[in-house]
Amino acid sequence: MSKPLPPGACIGILGGGQLGRMLSMAAARLGFSCHIFEPGPNPPAGQMAARVTTAGYDDAKALKAFAASVDVITYEFENIPTEALDILEDLRPIHPNREALRISQDRLVEKEFLSGLGLRVAPFANVENSDEMQAAITQVGTPSILKTRRFGYDGKGQVRVPDASRAGEAWVAMENAPSVLEGFVDFTGEVSVIAARSLSGNVACFDPGENVHVDGILATTSIPARLSAAARTDAVLIASNILNALNYVGVLGVELFVTQAGLVVNEIAPRVHNSGHWTQNGCAVDQFEQHIRAITGWPISDGVRHANVVMENLIGDDVARVVEIANEPGAALHLYGKADVKPGRKMGHVNRVTPLN
Ligand code: AMP
């Protein structure tokens, strides 16, 4: 794809959750249509897209038909089976690229990649059996956190190891899943940078946001983050470094711990990110449009913001407060069209906006 895709082109999105939904809405504003590929029924993104294919990632026929119907392919989650990507990438461009997916699908590979770039990460060790668990405890120390290498999200697949006597039970809890033991980072705060790189290699970062997690799930993101000017610059440079190293096209989320010694990279997500939802009401071009622009070969925006924003996730029963929230001045609601309310399920979010002076 050398020329920008014209309005009217079709974007294929793997995954039909709220991120796919908001990508579809942004794409529609630019005159594109979207085709969602999602194994589950009634995906939230399907309500906003021109087409939906309901099929598994092992359905080669459905994958080929999907690819044939779109001009470019992207995704809203990183755990796409390799076999599906093998089929798709022969047929259409996929952004972000395979390398970004390979690295972010596996916490060990990700940590090795990041430390190879000279970036600071938590001390870590690979664990595939109980002997390696003991060796990892000796190497990394405690307190630490044992995390599955693959398929973890929102704090799932993680066990805290407060001291060495709990190592055995932590490993048993992982049910033999290859894991990484990570030293516990003594952070003063958590921030993330939502960064984008265009097809022509331009990079733009949104202002870092400060994140608060409750039970491993993002609760709020506040902009501006409480960061020194030097740390803010550092955060942006770290994100740019990662984008360029991956020859990346699209939006990337970089989660960072703020420590006395500087910023420590927690993890990267090769997609639009929950901690970037504030951009919908804080910037002229939000993270979703930014991603669509990047993958269609359009110029990306500079990411400048025009407001301070606090984004609050509406999780489970929080959604019962929507009418009350709609009464607040400066509160912009974004609901995901999910029928069933379940504990821990992200139902929507609210951006509370105050203009810059
Ligand atoms: P993750 O799924 O790795 O992003 O972890 C979810 C949350 O758990 C993070 O946002 C932190 O609040 C906490 N956490 C994860 N890893 C560490 C660590 N190595 N040190 C301290 N806190 C952590």
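Residues numbered from 1 in each chain as written. Predicted model: local features only at pLDDT ≥ 70, side-chain atom pairs only at ≥ 80, totals over all residues. Heavy atoms only, no water.

**Topic: the side chain of Arg21**
For step 1, the next point in the chain: Its place among the elements puts Arg21 in helix H1 (residues 18-29).
For step 2, the next point in the chain: Of the side chains bearing the opposite charge, Glu76 lies closest to the buried Arg21, which forms no salt bridge; the N-O distance is 9.9 Å.
For step 3, the next point in the chain: The contacts of Arg21, once residues within four sequence positions are left out, are Pro44, Ala45, Gln47, Met48, Leu335, Tyr336 and Gly337. (Helix = DSSP H or I, 4+ residues; strand = E, 2+ residues; numbered from the N terminus. Buried < 20%, exposed > 50% of the residue type's maximum accessible area, 1.4 Å probe, protein only. Lys, Arg positive; Asp, Glu negative; His and termini not counted. Salt bridge = Lys/Arg side-chain N within 4 Å of Asp/Glu carboxyl O. Contact = heavy atoms within 4.5 Å.)

**A few points about the nonpolar core**
For step 1, the next point in the chain: Within the largest apolar cluster, 36 residues are counted, with the highest numbers of intra-cluster contacts made by Ile11, Phe32, Trp278, Phe288 and Ile292.
For step 2, the next point in the chain: Elements supplying a minimum of two residues to this core: strand E1 (10-14), H1, strand E2 (33-38), strand E9 (189-197), strand E12 (217-223), helix H10 (287-295) and strand E15 (307-315).
For step 3, the next point in the chain: It is H1 that provides the largest number of residues to this core, a total of 5 residues.
For step 4, the next point in the chain: Counting residues domain by domain, this core receives three or more from each of domain 1 (10-94) and domain 3 (189-355).
For step 5, the next point in the chain: Once residues lying within four places of it in the same chain are set aside, the contact partners of Ile292 are Ile11, Leu23, Ala26, Ala27, Leu30 and Phe32. (Core = buried A, V, L, I, M, F, W, Y, C linked by side-chain atoms within 4.5 Å. Domains from an automatic or database assignment.)

**Focus on the packing of helix H2 (residues 60-68) against helix H3 (residues 82-89)**
For step 1, the next point in the chain: Between H2 and H3, the least distance of the axes is 9 Å, while the angle of their chain directions is 40°. One way to sum up the angle between H2 and H3 is to call them oblique. Of the two elements, H2 crosses H3, and the hand of that crossing is right-handed. In contact with Ala60, Leu63, Lys64, Phe66 and Ala67 of H2, H3 contributes Ala84, Ile87 and Leu88.
For step 2, the next point in the chain: A class-by-class count of the residues in the contact of H2 with H3 yields 7 nonpolar, no polar and 1 charged. (Axes fitted to C-alpha atoms, helices over the stretch in contact; angles between N-to-C directions. Parallel < 35°, antiparallel > 145°, perpendicular 65-115°, else oblique. Left-handed = near helix turned anticlockwise from the far one by under 90°. Nonpolar A, V, L, I, M, F, W, Y, C, P; charged D, E, K, R; others polar.)

**Re the domain arrangement of the protein**
For step 1, the next point in the chain: Each assigned domain of the protein is listed with its residue range as follows: domain 1 (10-94), domain 2 (123-183) and domain 3 (189-355).
For step 2, the next point in the chain: In this structure, domain 1 and domain 2 have C-alpha centres spaced 34 Å apart.

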